[in-house]
Amino acid sequence: MTPSIATSVRRARSSDTAALTALVNRAFAVERVFLDGDRTTGDEIAALIASGCFLVLEYAEGIGAAVLVHGPGQRPGVPPSHAYLGMLSVEPGLQGMGLGVRLVRVAEALAEAAGATSMSLRIINLREDLTRWYRSLGYRQVGTTPFTHPSLKRPAHFIDMTKSLEAAVCYPVGEAGAVGAA
Ligand SMILES: CC(C)(COP(=O)(O)OP(=O)(O)OC[C@H]1O[C@@H](n2cnc3c(N)ncnc32)[C@H](O)[C@@H]1OP(=O)(O)O)[C@@H](O)C(=O)NCCC(=O)NCCS
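Thresholds applied
- Residues numbered from 1 in each chain as written.
- Predicted model: local features only at pLDDT ≥ 70, side-chain atom pairs only at ≥ 80, totals over all residues.
- Core = buried A, V, L, I, M, F, W, Y, C linked by C-beta atoms within 7 Å.
- Buried ≥ 20, exposed ≤ 12 C-beta atoms within 10 Å, placed from the backbone.
- Helix = DSSP H or I, 4+ residues; strand = E, 2+ residues; numbered from the N terminus.
- Contact = placed C-beta atoms within 7 Å.
- Axes fitted to C-alpha atoms, helices over the stretch in contact; angles between N-to-C directions.
- Left-handed = near helix turned anticlockwise from the far one by under 90°.
- Pairing = 2+ DSSP bridges.
- Near = placed C-beta within 6 Å.
- Nonpolar A, V, L, I, M, F, W, Y, C, P; charged D, E, K, R; others polar.
- pLDDT = per-residue confidence, 0-100.
- Arc of directions from axis to C-beta.

## Section: the nonpolar core
Nonpolar side chains in soluble globular proteins generally cluster together in the buried interior.
Reasoning step 1: With 39 residues, the main nonpolar core has F54, L55, A66, V67, V69, L85 and L103 as its most contacted residues.
Reasoning step 2: Looking at this core, the elements with two or more residues in it are α1 (17–27), α2 (42–50), β2 (54–59), β3 (62–70), β4 (82–90), α3 (99–113), β5 (118–124) and β7 (157–164).
Reasoning step 3: Here this core gets six residues from one element, more than from any other, and that element is β4.
Reasoning step 4: Setting aside residues up to four positions removed in sequence, L103 forms contacts with V9, L55, L57, A65, V67 and L88.

## Some points on the packing of α1 against α2
Reasoning step 1: α2 packs onto α1 with a crossing angle of 115 degrees between their chain directions and a minimal axis gap of 9 Å. Of the two possible hands of crossing, α1 and α2 adopt the one that is right-handed. Every residue of α2 that contacts α1 at T17, A18, L20, T21 and V24 is listed here: G42, I45, A46 and I49.

## Things to note about the sheet that holds β4
Reasoning step 1: Read from one edge to the other, the open sheet built from seven strands follows the order β1-β2-β3-β4-β5-β7-β6, with strand pairing classed as mixed. At either end of the open sheet lies a strand with only one pairing partner, and these are β1 (8–11) and β6 (140–146). In this sheet, adjacent strand axes meet at a mean angle of 30 degrees when their direction is disregarded.
Reasoning step 2: In the packing of helix α4 (residues 128–136) onto the sheet, the strands contacted are β5, β6 and β7, and the crossing angle to β5 comes to about 165 degrees.

## Section: the site of the ligand
Reasoning step 1: In the neighbourhood of the ligand, 20 residues make up the surrounding shell, with V90, Q95, G100, V101 and D129 lying closest.
Reasoning step 2: Counting residues per element, the ones that place at least two in the shell around the ligand are β4, α3 and α4.
Reasoning step 3: Per-element accounting of the shell around the ligand gives the leading share, four residues, to α4.
Reasoning step 4: Residue classes in the shell around the ligand are distributed as twelve nonpolar, six polar and two charged.

## Notes on the confidence of the model for the protein
Reasoning step 1: For the protein, the mean per-residue pLDDT works out to 91, and 90% of the residues sit at or above 70.
Reasoning step 2: Per-residue pLDDT stays below 50 along residues 177–182; that stretch engages in 13 contacts with residues further than four places along the chain or on separate chains.

## Considering the pairing of β7
Reasoning step 1: Where β5 and β7 come together, seven bridges link them in antiparallel fashion. Paired with S120 across the strands is T162, a residue of β7.
Reasoning step 2: Bridge count between β6 and β7: six bridges; the pairing is antiparallel. Bridged to Q141 within β7 is M161.

## Points about the environment of A22
Reasoning step 1: For A22, the location among the structural elements is in helix α1.
Reasoning step 2: In this structure A22 comes out as partly exposed when scored by C-beta crowding, with 16 C-beta atoms within 10 Å.
Reasoning step 3: In this structure the C-alpha to C-alpha distance between A22 and T41, which are 19 residues apart in sequence, comes to 8.7 Å.

## Here's the deal with α1
Reasoning step 1: Of all the positions in α1, only T17, L20, T21, L23, V24 and A27 are classed as buried. Take α1 and look down its axis: the buried residues cluster within an arc of 165 degrees, on one side only.
Reasoning step 2: If you follow the buried residues of α1, they end up packed against α2, β2, β3 and β4.

Dropping the structure here:
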């Protein structure tokens, strides 16, 4: 059985900037096989924290995971009733313990409370594992968007995914990511 760790979720603070930048870059190092360089910079994370949209999941040793959530109407390019989830990052040594699912659930609940009818996100098509992961959480592909980046090592595009947030308050017992002792 996968061990469970005690966690709590809060909004990121400016004092988290360095730790959060390092965490996101460690988590996204998996994409270096097709995209050179770091995923983000301290300046970008500082601005996102200032926007109030970053959530962090803390455990005994610090920040274990983080996610960016834009509420309805806050994300250009997605329908105004949709929230948007991005930069989901779990500390590599803590992956596979349910923290990613836990943060997605928190983001969905927050978005729904803010009036969003759906959650949108986008992933790079070269991450087939991620497509499967988000599908298992109820997301479905709704389109694609071109992706160009000077550091891209091979052709790629975004896969746009969305999930209706209706009835997101309760999940059947036993469903992947059911909330255990948190
Ligand atoms: C993708 C990511 C957020 C998942 O978080 P996580 O905490 O490792 O995942 P969880 O433990 O919550 O996942 C639960 C289930 O998904 C499975 N899973 C975890 N990572 C997976 C992956 N990359 N692909 C497919 N399945 C995966 C687990 O085995 C588990 O399945 P089970 O319940 O049947 O045992 C995390 O691996 C990560 O930070 N990756 C790097 C950054 C990234 O790709 N972010 C997403 C960009 S949008």
